[in-house]
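A structural walkthrough
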Amino acid sequence: MVSSFGSETDTHEMILMALADHKHVYLPKVVNKQKMDFYEIQTLDDMIDQNAFGIKEPKESCIKVKAEDIELMILPGLCFDLKGNRLGYGGGYYDRYLQGKMIYKIGICFDEQILNEELETDEYDIQMDEVITDKRQLAAGGKMIEEVRYLVAELLKDEQSGHGMDHIERVLNLSLKFCEKEKAHKEITALIALLHDVDDYKLFGIEGAQELNHAKRIMKEVQIDSEIQQQVLEALSCIGYSKALKGIRPKTIEGRIVSDADMCDAIGATGILRAYTYSMKKGKPFFNKDVFPIENLNADTYIQRCSESSCNHFFEKLLKLKGMMMTEAGKKEAKHRHEIMVSFLYHYFEEENVPEWREYLDNYLKLKI
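Let us look at the structure shown here. From a predicted model like this one, the values you see are computed outputs, not experimental measurements.

How each quantity is defined
Residues numbered from 1 in each chain as written. Predicted model: local features only at pLDDT ≥ 70, side-chain atom pairs only at ≥ 80, totals over all residues. Heavy atoms only, no water. Buried < 20%, exposed > 50% of the residue type's maximum accessible area, 1.4 Å probe, protein only. Helix = DSSP H or I, 4+ residues; strand = E, 2+ residues; numbered from the N terminus. Pairing = 2+ DSSP bridges. 1 Å grid on protein atoms, 1.4 Å probe; cavity = no way out; pocket = protein on both sides within 12 Å on 5 of 7 lines; lining within 4 Å. Points joined across faces, edges and corners; volume = space filled by probe spheres on them. Nonpolar A, V, L, I, M, F, W, Y, C, P; charged D, E, K, R; others polar. Arc of directions from axis to C-beta. Axes fitted to C-alpha atoms, helices over the stretch in contact; angles between N-to-C directions. Parallel < 35°, antiparallel > 145°, perpendicular 65-115°, else oblique. Left-handed = near helix turned anticlockwise from the far one by under 90°. Contact = heavy atoms within 4.5 Å. Polar contact = N/O pair within 3.5 Å; in protein donor to acceptor, adjacent residues only side chain to side chain.

Regarding the pairing of strand 7 (residues 104–108)
Judged by how many residues are buried, strand 7 sits mostly within the fold: four of five residues are covered. Across five bridges, the pairing between strand 4 (residues 72–76) and strand 7 is parallel. Paired with Leu72 across the strands is Tyr104, a residue of strand 7. With three bridges joining them, strand 7 and strand 9 (residues 130–132) adopt parallel strand pairing. Across the sheet, the residue bridging to Ile108 is Ile132, located in strand 9.

Re the layout of surface pockets
Quantified by volume, the largest pocket comes out at close to 1,200 Å³. Contributing to the lining of the largest pocket are 36 residues, with Asp125, Ile126, Gln127, Leu176 and Lys186 lying nearest its centre. Looking at the lining of the largest pocket, the elements that each hand over two or more residues are strand 7, helix 3 (141–155), helix 4 (165–182) and helix 5 (186–195). The element that contributes the greatest number of residues to the lining of the largest pocket is helix 4, accounting for six residues. Partitioned by chemical class, the residues of the lining of the largest pocket number twelve nonpolar, nine polar and 15 charged. Put simply, the second largest pocket is a space of about 1,000 Å³. Asp200, Tyr201, Lys202, Ser242 and Tyr302 are the residues nearest the centre of the second largest pocket, which is lined by 46 residues in total. Elements that contribute at least two residues to the lining of the second largest pocket include exactly helix 6 (201–211), helix 8 (226–236), helix 9 (241–245), helix 10 (253–264), helix 11 (268–281), helix 12 (299–304) and helix 13 (310–316). Across the lining of the second largest pocket, the residue classes break down as 19 nonpolar, 15 polar and twelve charged.

Some remarks on helix 7 (residues 213–222)
Taken together, the buried positions of helix 7 are Ala215, Ile218, Met219 and Val222. Down the axis of helix 7, the sector holding all buried residues measures 95°, keeping them to one side.

Observations regarding the sheet that holds strand 8 (residues 114–115)
Here three strands make up an open sheet; going across it, the order is 6-5-8 and the pairing mixed. Each of the sheet's edge strands pairs with one partner strand only, and the pair in question is strand 6 (86–87) and strand 8. Across two bridges, the pairing between strand 5 (residues 79–81) and strand 8 is parallel. What sits directly across from Asp81, in strand 8, is Leu115.

Quick look at the packing of helix 7 against helix 8
Running from N to C, helix 7 and helix 8 cross one another at 160°; their axes reach a closest spacing of 11 Å. As far as their axial angle goes, helix 8 and helix 7 are roughly antiparallel. Classified by chirality, the crossing of helix 8 by helix 7 is right-handed. On helix 8, the residues touching Ala215, Lys216, Met219 and Lys220 of helix 7 are Gln229, Val232, Leu233 and Leu236.

Some remarks on the side chain of His196
Position of His196 among the secondary structure elements: in the loop between helix 5 and helix 6. When its relative accessible area of 11% is taken as the criterion, His196 is described as buried. Within the local environment of His196, its side chain forms a polar contact with the side chain of His167, the two groups lying 3.1 Å apart. Only 3.5 Å separates the side chain of His196 from the side chain of Asp197, close enough to count as a polar contact. Look past the residues within four positions of His196 in its chain and what remains in contact with it is His167, Ile168, Val171, Leu236, Val258 and Asp262.

All quantities given are derived from atomic positions and should not be read as evidence of function.
What follows is the structure in structure tokens.
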């Protein structure tokens, strides 16, 4: 709970009701110009009159609580936009406190404090999961993303070939990391990341990949704005290695970010494990020293066949991905992950005592530089 101030919606009655219902109520206390902590109060008497900002705070004698103990935070504000962005008094305390924490955030205000135009934000601003006014409840960006995540998880719950929800979550997290560096739209980036494999041809066939029916159904069910739906679908239709082989690449920065994140998750330490998992599912070995790769596969051949081994897959696809990045953030991440794979392969071929494969890797890398 946050104690209200100035023209913000009054939270004092809400605090009294929560205490009367024997709920845990935590209020913030400013530590310095950059930091605040939360303390549990038992009664309103546990709040001192005012701090330097004129806001009531818990007494020093109250018990300090950890962020992981806070499940829900109710935040008044001067105004909110339809995406759940909040404008406070400019101190940035809540944005700093909430960074990286799994706390459900509800913004509260009067309906006239909802702006139709989007507030200007930066990478550190925290978006509400929903906003409640005296007249309506708005599903803000965070809540919408969670609803999409749930539906994607339901669709992919039985997927075990390396394209399941664990992969989706990694691509989402990496996409949001790239998003901050590339100054892209977080909500659209998150939607593309969550939906990028729900119509994958390896899971749902070629026709499903072309029609994007699962992505369309999920966005319609969550009632995502039609303009945003179109942007997401356009990006989804351009993401994937086989499409890249045809020269089809995303045009928007959000699509490029997710494309890079998706390809990055195919390489590095995680990529090695994913390659092995997929080969096992297809009944292929990790390594067959007698069968060398087919290096220059076109899109149609790539779609129709499975590499004869995980090691072949490195040469037929994975070692090529570093050169296919479209963003600066992606290039930096891919370079690091590429080096992990190369080091692994050299060590693996040495342990397998196959000098012909080490020589093959040498020559392959010389041609790709």
